[in-house]
Amino acid sequence: MEGGGGSGNKTTGGLAGFFGAGGAGYSHADLAGVPLTGMNPLSPYLNVDPRYLVQDTDEFILPTGANKTRGRFELAFFTIGGCCMTGAAFGAVNGLRLGLKETQNMAWSKPRNVQILNMVTRQGALWANTLGSLALLYSAFGVIIEKTRGAEDDLNTVAAGTMTGMLYKCTGGLRGAARGGLAGLTLTGLYALYNNWEHMKGSLLQQSL
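- In the annotation of an unreviewed UniProt entry, the entry for the protein chain reads Mitochondrial import inner membrane translocase subunit TIM23, and the organism field reads Oryctolagus cuniculus.

Following this line, the structure appears as structure tokens:
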């Protein structure tokens, strides 16, 4: 009987060890001083290590040859539309200001309201056309320069801004084109400096150390 009981215990222990329910037979006292540094606790609901559930890769699939960021051609539509809406809003506010200023001596009546409304629509259309044209030229130059150089960096931004200013003011002669190019160079240069400020700041800190 004792032999049968021992055989049964061995069989049970073997099956338990095979299925992972048994083990080396360590007690809680033996495992009390074992550090758990670098080990994540198992899920209380599933016998799965949570480290295997963490996804470090992107959760979307890009088409073959596509970039993770938008190119200048994709951003051109947003740039042009945003500039047109911004110009229309700014022009409407400016037109309202001018309309109220020009009709300040008139009483509130239908002719005054019509004159103010005409000023608002005129200024809104003017500024929307101006900023939209600048955005169109800037986007076109940016796409052309990017395709020509085969690279996308801040040099494309500065070059596109300079060429946009020169072409927009070319009707004023060489002096007007030079002024427009200088204005475009200044604005896009400040924009590029703003975008790279953190990177430049980190580089300067590393060099100082």
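From this point, the discussion proceeds with the structure in view.
## Overview of the confidence of the model for the protein chain
Part 1 of the reasoning: Scored by pLDDT, the protein chain comes out at a mean of 77, with 66% of its residues at no less than 70.
Part 2 of the reasoning: Of all the helices and strands in the protein chain, helix H1 (residues 2–18) carries the lowest mean pLDDT, 47, while helix H3 (residues 110–149) carries the highest, 93.
Part 3 of the reasoning: Note that residues 1–23 has pLDDT below 50 and, in this model, four contacts with residues that lie over four places away or in other chains.

## Overview of the environment of Ala160
Part 1 of the reasoning: By the secondary structure assignment, Ala160 is in helix H4 (residues 154–168).
Part 2 of the reasoning: Residue classification places Ala160 among the buried positions, given a relative accessible area of 0%.
Part 3 of the reasoning: In this structure, the C-alpha to C-alpha distance between Ala160 and Leu185, residues 25 residues apart in sequence, is 8.7 Å.
Part 4 of the reasoning: Excluding anything up to four places from it in sequence, Ala160 contacts Tyr138, Phe141, Gly142 and Ile145.

## Some points on the packing of aromatic side chains
Part 1 of the reasoning: Inspection of every chain in the model, using the stated rule, returns two aromatic pairs.
Part 2 of the reasoning: With a centroid separation of 5.4 Å and an interplanar angle of 85 degrees, the aromatic rings of Phe73 and Phe77 are classed as edge-to-face. Highlighted residues: Phe73 and Phe77, both in helix H2 (residues 72–102), separated by four residues, approximately one helical turn.
Part 3 of the reasoning: Here Phe77 falls in the exposed class, since its relative accessible area comes to 57%.
Part 4 of the reasoning: Arranged with centres 4.8 Å apart and planes meeting at 80 degrees, the rings of Phe90 and Trp127 form a pair that is edge-to-face. Placement of the pair is Phe90 in helix H2 and Trp127 in helix H3, with a sequence separation of 37 residues.
Part 5 of the reasoning: With a relative accessible area of 44%, Phe90 lands in the partly exposed category.

## Overview of the layout of surface pockets
Part 1 of the reasoning: For the largest pocket, the calculated volume is near 790 Å³.
Part 2 of the reasoning: Counting residues per element, the ones that place at least two in the lining of the largest pocket are H2, H3, H4 and helix H5 (173–195).
Part 3 of the reasoning: Considering each element in turn, the lining of the largest pocket owes the most residues, eight residues, to H5.
Part 4 of the reasoning: Each of domain 1 (69–150) and domain 2 (151–208) accounts for three or more of the residues forming the lining of the largest pocket.

## What to know about the UniProt feature "transmembrane region" (unreviewed entry) in the protein chain
Part 1 of the reasoning: In the UniProt entry, the feature "transmembrane region" (unreviewed entry) is given for residues 75–96 and 126–145.
Part 2 of the reasoning: Along residues 75–96 one finds 100% helix and 0% strand; the C-alpha atoms at either end are 32 Å apart.
Part 3 of the reasoning: What you have in residues 126–145 is 100% helix and 0% strand, and the ends, taken at the C-alpha atoms, are 29 Å apart.

## Describing the packing of H4 against H5
Part 1 of the reasoning: At a minimum axis distance of 6 Å, the contact between H4 and H5 shows a crossing angle of 155 degrees. In terms of orientation, H4 lies roughly antiparallel with respect to H5. Classified by chirality, the crossing of H5 by H4 is right-handed. Across the interface between the two elements, Asp154, Thr157, Val158, Gly161, Thr162, Gly165 and Met166 of H4 pack against Ala177, Gly180, Gly181, Gly184, Leu185, Thr188, Gly189, Tyr191 and Ala192 of H5.
Part 2 of the reasoning: Partitioned by chemical class, the residues of the contact of H4 with H5 number six nonpolar, nine polar and one charged.

Rules of the game
- Residue numbers restart at each chain and count upward from 1, following the sequence in its written direction.
- Residue-level local features of this predicted model are given only where pLDDT is at least 70; pairs of side-chain atoms are given and counted only at 80 or more, and the full residue set underlies all totals for whole chains, interfaces and linings.
- Values shown for side chains rest on all heavy atoms present in the structure; no hydrogens or waters enter the calculation.
- pLDDT: the predictor's confidence for each residue, scored from 0 to 100.
- Going along the chain from the N terminus, every DSSP run of H or I of four or more residues is numbered as a helix, and every run of E of two or more is numbered as a strand.
- A contact between two residues is defined here by any heavy atoms of the two lying within 4.5 Å.
- The cut-offs for exposure are 20% and 50% of the maximum accessible area for each residue type, with area from a 1.4 Å probe on protein chains only; residues under the lower value are buried, those over the upper are exposed, and the others partly exposed.
- Stacked, edge-to-face and tilted are the three classes for Phe, Tyr and Trp ring pairs, Trp counted by its six-membered ring, which pair at centre distances within 6.5 Å; planes under 30 degrees apart are stacked, over 60 edge-to-face, the rest tilted.
- Every definition here rests on a 1 Å grid over the protein atoms only: cavities are sets of points where a 1.4 Å probe fits but cannot get out, pockets are open sets enclosed by protein on both sides within 12 Å along at least five of seven lines, and lining residues have some atom within 4 Å of a point.
- Grid points are joined across faces, edges and corners, and a volume is the space filled by probe spheres set on the points.
- Residue ranges assigned to the domains are those given by an automatic or database domain assignment.
- UniProt positions are given in the numbering used here, feature names are shortened, and annotations may be inferred rather than shown by experiment.
- What counts as an axis is a line fitted to C-alpha atoms, over the stretch in contact for a helix, and the angles between N-to-C directions run from 0 to 180 degrees.
- For classification purposes, angles smaller than 35 degrees are called roughly parallel, those larger than 145 roughly antiparallel, those between 65 and 115 roughly perpendicular, and all remaining angles oblique.
- Handedness of a helix crossing follows the sense of rotation of the near helix relative to the far helix, less than a right angle counterclockwise being left-handed and clockwise being right-handed.
- Amino acid classes used here: Ala, Val, Leu, Ile, Met, Phe, Trp, Tyr, Cys and Pro are nonpolar; Asp, Glu, Lys and Arg are charged; the rest, including Gly, are polar.

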